[in-house]
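Letter by letter, the chains look like this.
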Amino acid sequence: TLAVTLEKMKHKKNLFLFTFLILFASCCKEDGNVSEINTNPSDLLVLLDPDVNLNIISTGELPNRISSITSSNYLNNPPDTYIFEYVLNSNKIKKIFYQSNNLCENETNTFFYNSENMIDRVENFKVRHCPPEFQSTTVYKYNYKNGILKNVIGNNESFIYEIFFSYNQNGTIKEFFTNSRPKNEFSYGYSRTILNYDSENNIKEIIGNDFYSSTYDQKTTLEYDNKVNPLKGLFVTNIFNRPIKFLSYLNNNNIIYSKSEYINLSSNPTINHYGTDFFNNLLVTYGDIDGYPYWREYYINYQ
């Protein structure tokens, strides 16, 4: 959900970069030559541990066993399709197969668990059968300290994807820091996302602080229904953002309203209303309400 764009990289750097440059300058020799930098930029982050460990996004377990999710949209494209497999006799995900609407690309996401039955890593295998043809594997490694998920680091042959978590005392995620970069580039810092919750532990406000320019900082406010969110906990960095809007994987209930706006720019906010349909108290249809010009809907099937 969890959205943070790369196109802003050309703009001025913010306080994180300023802090990093001070550190960088302290590593310089008196003659002006730069000595080796031993500090990882992530070490500059202030990351709080919870008093209660909820393991919100590292169990690999859904509230109910979803068999598939399909989509439709205003362009009448073929559907995006997600097919779920589970560890035997459990709600823990074993694999998610994704077929894109262009029909020539697909992904297989395989989940592996550690001795504590938490996600150890997820391997994302992507294939494109039409020109330009390619195959790529990205491994998302879940890293823990004292049983607490500290970060998820994704690696493939070209890129590194990083996300670091900071927690509230009650175990909810307070904020996280993200970075995506080519492997041959040094990382100067991380964009920051701050989360504020309502009394039901749903995220009521998301504040995005862009690393490269505070000009594009954003705020999103959210409202919910009172039904179970069937996708809570489903998280693999950014690869599942297609069916999940605004960090759905952290919320107990389903988002029915969102308002997004720039904090430091004068502009009209973007407002969306989302419709929900239920069968046997399970969410079966989720998406933009009728009349929205660029609508998209998702259909959820259960085992």
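Before reading on, note that the structure itself is shown above.
Let me sum up the structure you'll find in this document. Within each chain, residue numbers correspond to sequence positions counted from 1 in written order. Reporting in this predicted model follows two pLDDT cut-offs: at least 70 for local features of residues, and 80 or more for side-chain atom pairs to be given and counted; totals over whole chains, interfaces and linings ignore these cut-offs and use all residues. To get the side-chain values, all heavy atoms of the structure are used, and hydrogens and water are removed first.

## Observations regarding the nonpolar core
Phe84 and Phe165 are the most contacted members of the largest nonpolar core, which has 44 residues in total. Any pair of residues with heavy atoms lying within 4.5 Å of one another is described as a contacting pair. The contact partners of phenylalanine 165, leaving out residues within four places of it in the chain, are Leu47, Ile57, Leu149, Lys150, Asn151, Val152, Ile173, Glu175, Phe176 and Phe235. Here, nonpolar core refers to any group of buried Ala, Val, Leu, Ile, Met, Phe, Trp, Tyr and Cys residues whose side-chain atoms link them within 4.5 Å. Exposure is judged per residue with a 1.4 Å probe applied to protein chains only, and the accessible area is read against the type maximum: over 50% gives exposed, under 20% gives buried, and values in between give partly exposed. Counting residues in each nonpolar core, the second largest holds 6 residues, with Leu45, Ile160, Phe177 and Tyr190 among its members.

## Looking at the pattern of salt bridges
When a carboxyl oxygen of Asp or Glu lies within 4 Å of a side-chain nitrogen of Lys or Arg, that pair is called a salt bridge. Under the definition given, this model contains 8 salt bridges. A salt bridge links aspartate 49 to lysine 150, with the nearest nitrogen and oxygen atoms 2.5 Å apart. Taken together, the residues span a long stretch of sequence, with aspartate 49 in the loop between α1 (15-26) and β1 (66-73) and lysine 150 in strand β7 (residues 148-155) at a distance of 101 residues. Residue classification places aspartate 49 among the partly exposed positions, given a relative accessible area of 39%. The exposure class of lysine 150 is buried, given its relative accessible area of 14%. Arginine 296 serves as the salt-bridge partner of aspartate 80, at 3.4 Å between the closest nitrogen and oxygen. Strands here are runs of E lasting at least two residues and helices are runs of H or I lasting at least four, both read from the DSSP assignment and numbered beginning at the N terminus.

## Observations regarding the pairing of strand β16 (residues 296-302)
In this analysis, strands are considered paired if DSSP registers two or more bridges between them. Where β1 lies against β16, 7 bridges are found, and the strand directions are antiparallel. Residue pairing for β16: isoleucine 66 is matched across the bridge by tyrosine 302. Sheet topology note: the strand β15 (residues 282-288)/β16 ladder contains 3 bridges and is antiparallel. Its bridge partner being in β16, threonine 285 is matched across the sheet by tyrosine 299.

## Some points on the environment of asparagine 229
Turning to its location among the elements, asparagine 229 is positioned in the loop between β12 (218-224) and β13 (255-262). Through-space distance from the C-alpha of asparagine 229 to that of leucine 250 is 9.2 Å; in sequence the pair is 21 residues apart. Here serine 248 takes part through its backbone oxygen, which lies 2.5 Å from a polar atom of the side chain of asparagine 229. A 3.5 Å cut-off defines polar contacts: any pair of N or O atoms within that distance qualifies, except that in protein one atom must be a possible hydrogen donor and the other a possible acceptor, and neighbouring residues in sequence count only when both atoms are side-chain atoms.

## With respect to unusual backbone geometry
Negative phi values dominate among residues other than glycine, just as trans dominates among peptide bonds. Across the junction of proline 131 and proline 132, the peptide omega takes the value -5°, indicating a cis bond. Secondary-structure assignment places proline 132 in the loop between β5 (119-128) and β6 (134-145). Even without glycine at this site, asparagine 146 takes up a positive phi of about 55°. Among the structural elements, asparagine 146 can be located in the loop between β6 and β7. In this structure asparagine 146 comes out as exposed when scored by relative accessible area, which is 72%. At asparagine 281, a residue that is not glycine, the phi angle is positive and equals roughly 70°. Among the secondary structure elements, asparagine 281 is positioned in the loop between β14 (270-279) and β15.

## Topic: the packing of aromatic side chains
Stacked, tilted and edge-to-face are the three classes assigned to paired rings of Phe, Tyr and Trp, where Trp is represented by its six-membered ring and a pair needs centres within 6.5 Å; plane angles under 30 degrees give stacked, over 60 edge-to-face, the rest tilted. Applying the stated criterion across every chain yields a total of 10 aromatic pairs. Each ring, one from phenylalanine 165 and one from phenylalanine 235, has its centre 6.0 Å from the other, and the planes form 70°; the classification is edge-to-face. Taken together, the residues phenylalanine 165 in strand β8 (residues 159-167) and phenylalanine 235 in the loop between β12 and β13 connect sequence positions 70 residues apart. Taking the relative accessible area as the measure of exposure, phenylalanine 165 reaches 2% and is therefore buried. Judged by its relative accessible area of 2%, phenylalanine 235 is buried. Residues tyrosine 274 and tyrosine 286 carry aromatic rings whose centres are separated by 5.8 Å and whose planes lie at 20° to one another, so their mutual orientation is stacked. With tyrosine 274 in strand β14 and tyrosine 286 in strand β15, this residue pair connects regions lying 12 residues apart in the sequence. Across the pair, tyrosine 286 and tyrosine 274 agree in class, each one buried. Linked through ring pairs, Tyr140, Phe159 and Tyr161 together constitute an aromatic cluster. Geometrically, a charge over a ring is one whose NZ (Lys) or CZ (Arg) sits within 6 Å of the ring centre while staying within 35 degrees of the ring normal. Across the ring face of phenylalanine 112, the terminal group of arginine 121 is positioned such that the distance to the ring centre comes to 3.9 Å. Of note, lysine 227 hangs over the ring of phenylalanine 278, and the distance from its end group to the ring centre comes to 5.7 Å.

## Brief notes about the state of the cysteines
Note: disulfide means a covalent bond formed between the sulfur atoms of two cysteine side chains. For this text, the term disulfide refers to a pair of cysteine sulfurs within 2.5 Å. Scanning the model with the defined rule gives 1 disulfide in all. Through a disulfide, cysteine 104 is tied to cysteine 130; the S-S separation comes to 2.0 Å. Separated by 26 residues along the polypeptide, cysteine 104 in the loop between β3 (93-99) and β4 (105-113) and cysteine 130 in the loop between β5 and β6 bring together distant segments of the chain. Pair check on accessibility: cysteine 104 and cysteine 130 agree, each one buried.

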